[in-house]
Structures are given as C-alpha cells and as structure tokens.
Amino acid sequence: MKLLCVGDVVGEPGLDFLCRRLPALRRRLGADVCIVNGENAHPDGVGINRAIAEEIFAHGADAVTTGNHALRRCAESLYEETEALLCPANLPFLDPSAGRVTLDLGRYAVTVLNLSGVAFLEPIDSPFEVADRLLAGDGARFKVVDFHAESTAEKQAFARYLDGRVSAVFGTHTHVPTADAGVLPGGTGFITDVGMTGPVNSVIGVKPELAIRRQRSHRPVRFAVAEGPCRLDAVLFTCDDATGRCTAAERVCECG
C-alpha cells in the first residue's frame, strides 16, 4: 500500500500546478491513496470552497484535508455534505466526524484523520484526546493523520504518541518541508512538515515584498499569493499490506 500525502496548496497558482501535475505523479509513484491539504487553495491564499474542493478531487485526491483556515471561505455545512473533505476533528463546535473518513478500496480500508495542533494556534480541543476517541474501535488496517500544527515539537510529540497505532502522520501548516521523513520505532511513518504546493519565489506562498514589509514594520499587511514557477511537495509512505505498518517514507518534490 502506498499513501501519497501532498502539502498545503497555496492560491490559484498552487491549485493550477497541482491539477496539472498530480494525476501523472500519482500514476508514476503507484499511489493507492492520495491525500491533499487544500486549506489555502482559495485565490486569496486562505481557505477553500466547494468548487475548489471538487477540482482537487477531480484531479486525483481521495481525501482533502484542511486546518486552521478551514472555515474562512465556506460554511460548516460543506464539511457535513462532502464526506472526504475534512476539517480538524478537534474544532470544539463541530462534530468530530467532520475530521474523519474511511475510504473503501475494496481489499482495504484506509481511515484518514485531520487534526489541528494548539501550540501558537487557537486553544481548541486537545488533539491527543480527540485522536484517542476517533481511533478507538476503528478497524481499518491503514490509518493516516494530517496533523496541521505550528510547533515542530508538538508535531513530533503527537506522532510519537500515535506511533504503532496509525500507519502515518504527516505535518502540514508551516509550508516548509522538513528533512526528517522516516519510520518511527512502532512502525508509523512520519514527517514534521511535508511542505507546500505553490510559488517557489515566495515567502511560504506570499509575495516576498509583502512578507518583508510585514516583518519589518510589524503592522498589518494585506497578503497576496506570489506568482511564477511552482513546486509540489509531498511524501510517499509505503506500508505493509498485512500489518498496515509503514516500511518507508520518501519525500517527493515536483518543480515546474
């Protein structure tokens, strides 16, 4: 079993690049399941809506995850109506089922969970406790978690907390790929942050001059998505068909 997990899609350039590259990439890697984080895929670079989610599904995603911007461009009802479009299950005002889906692949079932960290983000429900509840009694052999979080320490602690209970945990949100893709002692594949799908000449997807102005002035600046060549960051987890445990984790990068 091969699980392809794609980093945060940023704005219209990132969405266009994803749609052009993902189908062929998935075929080339032989991915059985593809999960894409789409929470920044709106043209403004923040949020997602129904049309964008449908476009991502149409171009090769089996599940679309989000994060702290899940409700910036759509109503809660979108997640209730679209089974494989997920928002963090530990948002306290939503049913946790909005952050979980089990994909039926015939021979196998794959559960996808979406959770958000709390360090340096909104003080929502504990991702550790919500993960325990969602995993209890889940009979799927393969389980993969998008952990959308700011803190690298929180991401690493969370992955080790779930080590041996899920096939893979991949971190999203910070848009910069980390070099630690690997397999934890209990058989869970992990990467602290998978990266992003968006403009290369940017500051995490934003026009550099705007990001610089914000950092220099410490005043509010209206961000805009950068333009130019893009890249697609992802991680490919290979899992044992019999046990569901991860045997290899490989970073993937498509540039164009």
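Throughout this description, residue numbers start from 1 for each chain and increase along the sequence as written. Where totals are concerned, whole chains, interfaces and linings use all residues; where local detail is concerned, this predicted model gives features only for residues with pLDDT of at least 70, and gives and counts side-chain atom pairs only at 80 or more. Only heavy atoms go into the side-chain values, all of them from the structure, while hydrogens and water stay out.

Let's talk about the packing of helix α1 (residues 11–29) against helix α2 (residues 50–58)
Here the axes come from fitting lines to C-alpha atoms, over the contacting stretch only for helices, and the angles between their N-to-C directions go from 0 to 180 degrees. Helix numbers and strand numbers start at the N terminus; a helix is a DSSP run of H or I with at least 4 residues, a strand a run of E with at least 2. Two numbers describe how α1 lies on α2: the axes approach to 9 Å, and their chain directions differ by 25 degrees. Relative to α2, α1 is oriented roughly parallel. Pair α1 / α2 crosses with left-handed handedness. Counted together, L15, L18 and C19 of α1 and I52, E55 and I56 of α2 form the full contact between these two elements. Oblique is the label for any angle not covered by the other classes, which are roughly parallel (under 35 degrees), roughly antiparallel (over 145) and roughly perpendicular (65 to 115). Take the far helix as your reference; a near helix turned counterclockwise from it by less than a right angle gives a left-handed crossing, and one turned clockwise gives a right-handed crossing. By definition, residues are in contact when any of their heavy atoms lie within 4.5 Å.

Brief notes about the side chain of T111
Mapped onto the secondary structure, T111 falls in strand β6 (residues 109–116). Within the structure, T111 has its side chain in polar contact with the side chain of T102 (distance 3.0 Å). Contacts described as polar in this section are N or O atom pairs within 3.5 Å, which, within protein, must combine one atom able to donate a hydrogen with one able to accept it, while residues neighboring in sequence count only if both atoms come from side chains. Only 2.9 Å separates the side chain of T111 from the side chain of D138, close enough to count as a polar contact. In this view, T111 contacts R100, V101, T102, D138, A140, F142, K143 and V144; residues no more than four positions away in its chain are not counted.

Side note on the environment of L78
Along the chain, the position of L78 falls in helix α3 (residues 77–81). Here's how the labels work: a residue is buried when its accessible area is under 20% of the maximum for its type, exposed when over 50%, partly exposed in between, all with a 1.4 Å probe on protein chains only. In this structure L78 comes out as buried when scored by relative accessible area, which is 5%. Along the chain, L78 and A53 lie 25 residues apart, while their C-alpha atoms are 9.9 Å from each other. Not counting the four nearest positions on each side in its chain, L78 is found in contact with N49, R50 and L85.

Concerning the side chain of H148
Mapped onto the elements of the fold, H148 is located in strand β7 (residues 142–148). Take H148: its relative accessible area is 0%, and that puts it in the buried class. A polar contact of 2.7 Å, which involves the side chain of H148, links it to the side chain of T172. In this structure H148 touches D8, N37, E39, T66, G67, N68, L115, S116, G117, L121, T172 and H173, once residues within four positions along its chain are discounted.

Considering the environment of G195
As for its position among the elements, G195 is in the loop between β10 (189–191) and β11 (196–199). Using a relative accessible area of 0% as the deciding quantity, one classes G195 as buried. Distance from G195 to L232, taken between C-alpha atoms, is 8.2 Å for residues 37 residues apart in sequence. Setting aside residues up to four positions removed in sequence, G195 forms contacts with G7, D8, H175, V176, P177 and D233.

Structural notes on the nonpolar core
The biggest cluster of nonpolar side chains holds 35 residues, and the ones touching the most others in it are L4, V6, L18, V36, I48, I56 and Y79. When contributions to this core are tallied by element, the ones reaching two or more residues are β1 (2–6), α1, β3 (33–37), α2, α3 and β12 (230–239). Counting residues per element, this core draws most heavily on α1, which supplies seven residues. Ignoring anything within four residues of it in the chain, the contact list for L18 reads V6, V9, P23, V36, I56, T197 and L232. Buried residues of nine kinds, namely Ala, Val, Leu, Ile, Met, Phe, Trp, Tyr and Cys, make up a nonpolar core once their side-chain atoms join them within 4.5 Å. One finds M1, C5, L103 and V144 within the second-largest nonpolar core, a separate group that totals 23 residues.

Considering the packing of helix α4 (residues 127–135) against helix α5 (residues 152–162)
Close contact between α4 and α5 brings their axes to 11 Å; oriented N to C, the two are set at 30 degrees. Viewed along their axes, α4 and α5 adopt a mutual orientation that is roughly parallel. Considering how the two elements wind past one another, α4 and α5 form a crossing that is right-handed. In this structure, α4 uses P127, F128, A131, D132 and L135 to contact α5, whose residues at the interface are E154, A157, F158, Y161 and L162. Three residue categories are used. Nonpolar comprises Ala, Val, Leu, Ile, Met, Phe, Trp, Tyr, Cys and Pro, charged comprises Asp, Glu, Lys and Arg, and polar comprises the others, including Gly. For the contact of α4 with α5, the per-class residue count stands at eight nonpolar, no polar and two charged.

Description of the layout of surface pockets
In this analysis, the protein atoms alone were mapped onto a 1 Å grid. Cavities are point sets where a 1.4 Å probe fits without being able to get out; pockets are open sets with protein on both sides within 12 Å along at least five of seven lines; lining residues have an atom within 4 Å of a point. Grid points are joined across faces, edges and corners, and a volume is the space filled by probe spheres set on the points. Each pocket or cavity is described by its volume, and for the largest pocket that value is around 820 Å³. Forming the boundary of the largest pocket are 25 residues, of which V46, H69, I204, V206 and F223 lie nearest the centre. In terms of residue class, the lining of the largest pocket is made up of ten nonpolar, eight polar and seven charged. Taken as a whole, the second largest pocket holds about 160 Å³ of empty space. The wall of the second largest pocket is formed by G67, N68, A70, L71, L91, F93, S116, G117, L121, E122 and I124.

Quick notes on α5
The set of residues buried in α5 consists of E154, K155, F158, A159 and L162. Around the axis of α5, the buried residues are gathered within 130 degrees of arc, so they sit on the same side. Looking at α5, the residues exposed on the side facing more than 90 degrees away from the buried face are A153 and R160. Where α5 is buried, its residues meet β6, α4, β7, β8 (168–172) and β10. The N-cap residue of α5 is S151: its side-chain oxygen and the backbone nitrogen of A153 are 3.2 Å apart. Following α5 by one or two positions, G164 has its phi on the positive side, about 90 degrees. The directions from the helix axis to the C-beta atoms form the arc being described.

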